[in-house]
Amino acid sequence: MAGVELRQLRYFVAVAEELNFGRAAERLLIAGPSLSQQIKVLERDLGVSLFDRDRRSVSLTPAGAALLPHTRDLLERADDLQRRAGRLSGAERVRLGYVNWLPADLVARTPAVAQLHIDAWIAPSHTQAARVADGSLDLAVCWVRTEDLEQHGLQARLIGADRLYAVATGDDTGDVLARDADVLLDDDTTSWSSWNLYAEQLARDTGARAVHISDGGITGSAFFDHVRRSGRPVINSPKGQSAQLPPDLVQRPVRGPEVYWPWFLVWRGSEARPAVRAVVDALCDGVGDLGIDVPGAWRPDSGAQRQ
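Quick summary incoming for the structure in this document. (Residues numbered from 1 in each chain as written. Predicted model: local features only at pLDDT ≥ 70, side-chain atom pairs only at ≥ 80, totals over all residues. Heavy atoms only, no water.)

**Digging into the packing of helix 1 (residues 6-18) against helix 3 (residues 32-46)**
The relative placement of two packed helices is expressed as an angle between their axes plus a distance between the axes. One way to put it is that helix 1 packs onto helix 3 with a least axis distance of 10 Å and a crossing angle of 110°. For the element pair helix 1 / helix 3, the angle class is roughly perpendicular. Crossing angle aside, the handedness with which helix 1 passes helix 3 is left-handed. In contact with Arg7, Gln8, Leu9, Tyr11, Phe12 and Val15 of helix 1, helix 3 contributes Leu35, Gln38, Ile39, Val41 and Leu42. (Axes fitted to C-alpha atoms, helices over the stretch in contact; angles between N-to-C directions. Helix = DSSP H or I, 4+ residues; strand = E, 2+ residues; numbered from the N terminus. Parallel < 35°, antiparallel > 145°, perpendicular 65-115°, else oblique. Left-handed = near helix turned anticlockwise from the far one by under 90°. Contact = heavy atoms within 4.5 Å.)

Shown next, in the form of structure tokens:
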């Protein structure tokens, strides 16, 4: 039991409610094989089988059916424990998740209003937004579309932005027009769903060439290999912002338009806890001109607001 995580218990409840691993994975916004593996780990740690599976159906075992109400109760009590601990400490605990970017002054802005806990599980934007919606997180810094906010009952405010650049071969470090660059889309829609949606709109709006790949090469050494093979500059993703370039590649500014990835602070629209609302205000109030709303700048459509 020492290895059982609340996250795995939430997975168990989702599969039990859907009785379908595919639908549960979509609801949780994680990969199906990853969900299946986590359930197997949970079953091993609990010492019982929770589900009967075959190619056509999933059903609760007697042990799974017996444990389900207790699991729901345990999750509710865990959430209540966190709230009570926050009140006893003098500052309520607020859980925040992120993708790969946080404001530099995050910690300095929040101690007067809440005990901010930064979640260690770094996940893609669509996953973090879903975790806020299901209560696993109180807040997340991620990218969301209007459709995501409406689907999950979320609200969001602009908190930051990354200006993306292009990576190219050669030694020319001059500007490159967006329409003369490539943007990569990966076939792994579970891991790269948010980036793919962003990249597709970028290609439609700016004329950049969309290139489909299947090797996870949105970042890392595989990304650099795609740049070498392309013969054209390739726009980087926000996860590649701080990556050190190999000596045979250069960074080039993108113009016509400048390309920005916005970061939003996301919370549940039904959120009534004053501490969560106070953290939103503490982090978002005073966000200055990020350069993304001026002529010559591009960012994807979103229902999130600056104020």
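**Some remarks on the packing of aromatic side chains**
Scanning the model with the defined rule gives 11 aromatic pairs in all. On the numbers, 6.0 Å between centres and 70° between planes, the contact of phenylalanine 21 with phenylalanine 51 is edge-to-face. Linking phenylalanine 21 in helix 2 (residues 21-28) with phenylalanine 51 in strand 1 (residues 51-53), this pair joins segments that are 30 residues apart in sequence. Judged by its relative accessible area of 2%, phenylalanine 51 falls in the buried class. Each ring, one from phenylalanine 223 and one from phenylalanine 224, has its centre 5.9 Å from the other, and the planes form 65°; the classification is edge-to-face. By relative accessible area, which is 5% here, phenylalanine 223 ends up buried. Grouped by ring-pair contacts, the aromatic residues Trp101, Trp143, Trp195, Tyr198, Trp261, Trp263 and Trp298 constitute a single cluster. Positioned over the ring face of tryptophan 121 is arginine 7, at 4.9 Å from the centre of the ring. The ring of tryptophan 192 carries lysine 239 above its face, with NZ or CZ at 5.3 Å from the centroid. (Phe/Tyr/Trp six-rings, centres within 6.5 Å; stacked < 30°, edge-to-face > 60°. Buried < 20%, exposed > 50% of the residue type's maximum accessible area, 1.4 Å probe, protein only. Lys NZ or Arg CZ within 6 Å of the ring centre and 35° of its normal.)

**A look at the pattern of salt bridges**
Two side chains carrying opposite charge are able to pair once their charged atoms lie near each other. Summed over the entire model, instances satisfying the criterion amount to 23 salt bridges. Here arginine 157 ties to aspartate 281 by a salt bridge, and the two come within 3.1 Å at their closest N and O atoms. Taken together, the residues arginine 157 in strand 6 (residues 154-163) and aspartate 281 in helix 10 (residues 274-284) connect sequence positions 124 residues apart. What makes arginine 157 buried here is its relative accessible area of 8%. Look at aspartate 281 and you get partly exposed, because its relative accessible area is 35%. Between aspartate 182 and arginine 232 there is a salt bridge whose closest N-O contact spans 2.7 Å. (Salt bridge = Lys/Arg side-chain N within 4 Å of Asp/Glu carboxyl O.)

**Examining helix 9 (residues 220-230)**
Residues of helix 9 that are buried: Ala222, Phe223, Phe224, His226 and Val227. On its buried face, helix 9 sits against strand 7 (165-169), strand 9 (182-186), strand 10 (209-213), strand 11 (234-235) and strand 12 (249-255). Directly after helix 9, the chain includes glycine 231, whose backbone phi takes a positive value near 80°.

**Some details on the pairing of strand 5 (residues 139-142)**
Two faces make up the sheet, and in a regular strand the side chains alternate between them. Where burial is concerned, the two faces of strand 5 agree: the one with Leu139 and Val141 and the one with Ala140 and Cys142 are both buried. Sheet topology note: the strand 3 (residues 93-98)/strand 5 ladder contains 3 bridges and is parallel. Following the sheet pairing, leucine 96 is matched in strand 5 by leucine 139. The pairing of strand 5 with strand 13 (residues 258-268) spans 3 bridges and is classified as antiparallel. Bridge pairing links cysteine 142 to phenylalanine 264 in strand 13. (Pairing = 2+ DSSP bridges.)

**Regarding the side chain of aspartate 148**
Note on placement: aspartate 148 falls in helix 7 (residues 146-152). Among the polar contacts made by the side chain of aspartate 148, one reaches the main-chain amide nitrogen of arginine 145 at a distance of 2.7 Å. (Polar contact = N/O pair within 3.5 Å; in protein donor to acceptor, adjacent residues only side chain to side chain.)

Nothing here speaks to function; it is all geometry.
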